[in-house]
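# Geometric and topological summary
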Amino acid sequence: SCALPQQLSAFGESGAGGVSSFGYSGTIAHAVLRTRSVASAPIAASSLTWRRQSFGWRPTAHPLIQYRASGGGADEAVYRLASSGELQRLVADHVVQGGVVFPAAGYLEVARAAFCASHSSDAGALLQSVIFVQPLMLSDTDASFSVDCALTMSNGSFNIRSAAPSPITYMSGTARVSAATSLTPRPAALIPFCASAIDLVDLYASLDAVGLRYGPQFRKLSRAWTSTSAPSMSISRLANEQQATWLPPAVLDAVLQLSVTLHGTPQLRVPFAIDSAALRPLSGLRNWAVAREGS
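Presented here is a report on the structure given in the accompanying data block. Remember, it's a predicted structure, so these values are computed and weren't measured experimentally. (Residues numbered from 1 in each chain as written. Predicted model: local features only at pLDDT ≥ 70, side-chain atom pairs only at ≥ 80, totals over all residues. Heavy atoms only, no water.)

If you tally the helices and strands in the chain, you get four helices and 16 strands. Expressed as a percentage of its 295 residues, the buried residues of the chain come to 37%. For the chain, the exposed surface amounts to about 18000 Å²; the carbon and sulfur share of it is 53%. (Helix = DSSP H or I, 4+ residues; strand = E, 2+ residues; numbered from the N terminus. Buried < 20%, exposed > 50% of the residue type's maximum accessible area, 1.4 Å probe, protein only. Areas by Shrake-Rupley, 256 points an atom, 1.4 Å probe, with all protein chains shown as cover.)

Judged by nonpolar contacts, the single largest core of 62 residues is most densely connected at Phe102, Leu108 and Leu127. Take this core: its biggest share by element is nine residues, from helix H2 (residues 104-118). Among all residues touching Leu127, those that are not within four sequence positions of it are Leu108, Ala111, Arg112, Phe158, Thr174, Ala175, Asp275, Ser276, Ala277 and Leu279. (Core = buried A, V, L, I, M, F, W, Y, C linked by side-chain atoms within 4.5 Å. Contact = heavy atoms within 4.5 Å.)

Side-chain pairing between opposite charges can occur once the charged atoms of the two side chains come close. Counting across every chain of the model gives four salt bridges. Between Arg112 and Glu109 there is a salt bridge whose closest N-O contact spans 2.8 Å. Separated by three residues within a single helix, Arg112 and Glu109 lie in helix H2, roughly one turn from each other. Here Glu109 falls in the buried class, since its relative accessible area comes to 0%. (Salt bridge = Lys/Arg side-chain N within 4 Å of Asp/Glu carboxyl O.)

Given 3.6 residues per helical turn, the α-helix brings residues three or four places apart onto the same face. Buried within helix H3 (residues 200-209) are the following residues: Leu200, Leu203, Tyr204 and Leu207. Burial along H3 is one-sided: seen end-on, the buried residues are contained in an arc of 90°. When the buried face of H3 is taken as reference, the exposed residues oriented beyond 90 degrees from it are Val201 and Ala209. The inward-facing, buried residues of H3 abut strand S12 (212-214), strand S13 (221-227) and helix H4 (249-259). Two to three positions downstream of the cap, the backbone nitrogen of Val201 sits 3.0 Å from a side-chain oxygen, assigning the N-cap of H3 to Asp199. (Arc of directions from axis to C-beta. Polar contact = N/O pair within 3.5 Å; in protein donor to acceptor, adjacent residues only side chain to side chain.)

To continue, consider unusual backbone geometry. The phi dihedral of Gln97 is positive, around 50°, even though this residue is not glycine. Inspection of the secondary structure puts Gln97 in the loop between strand S5 (94-96) and strand S6 (99-100). Under the relative-accessibility criterion, Gln97 is labelled exposed at 63%. One non-glycine residue, Ser129, adopts positive backbone phi at about 50°. In this structure, Ser129 sits in strand S7 (residues 125-132).

Direction vectors running N to C along H2 and H4 enclose 125°, while the axes themselves pass 8 Å from each other. Classified by the interaxial angle, the pair formed by H2 and H4 is oblique. Viewed along their axes, H2 and H4 form a crossing whose handedness is right-handed. Where H2 abuts H4, its residues Ala104, Ala105, Gly106, Leu108 and Glu109 lie against Pro249, Leu252, Asp253 and Leu256. Looking at the contact of H2 with H4 residue by residue, the class counts come to six nonpolar, one polar and two charged. (Axes fitted to C-alpha atoms, helices over the stretch in contact; angles between N-to-C directions. Parallel < 35°, antiparallel > 145°, perpendicular 65-115°, else oblique. Left-handed = near helix turned anticlockwise from the far one by under 90°. Nonpolar A, V, L, I, M, F, W, Y, C, P; charged D, E, K, R; others polar.)

Right, dumping it as structure tokens:
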């Protein structure tokens, strides 16, 4: 270690120093000088030895996935999720019957991220025949608890399971590359003329009353409308900005929250299966959630 002063200075007791240059568009260079002994006389330039070294960029880790784990079969890619403590921090506002539960929307993002990482692609993923086998109660986990996402490369099947201390499957399904889909440029145009506004304060209060308590980080619905005309539909503007590199569980969960409005009085419902979900992070778009009866 060494200190990098902002102006000219003599070598300190460590005999090390340097200059950092922060250039245009993130171009960074560091020059570090070190001497074996501190000399009182100036050091001649001819006595310096130069050694160049390039450092490659390190990609930002996914918030839900730590790394690709070793082990598994020749046809299997295994990704280790973040620690139970970190997962609980990310979804602490998702509380079911008094306990922090990892949301179904979080599993979808884990599967998408693992599939795209294993195929070195950001084209998105189409998840099909998704089954939520058992809820992951983060409130009951300890520091030794860990979870993996195992993906079979040949057929795209995956399952999210505990790696320690005992094997438990939480979600399974299949994944493939998602084809490009057209996006509606103005989702607000979908709001029926006879739609009525949803009181979101009352909505979250009624969800809380049946055991679904959403804290501030999971209250992404900002304005919402619903229509009882066939087919019944609800639509909402989301409160957050779209993430460009991943889909936060709170964003996906907002769509599931909105679907509650299609069934009258909220009840304690949690997802158990999804036929298909096409997931692809996109930047520069306004965020809307749309729920339709039967979809």
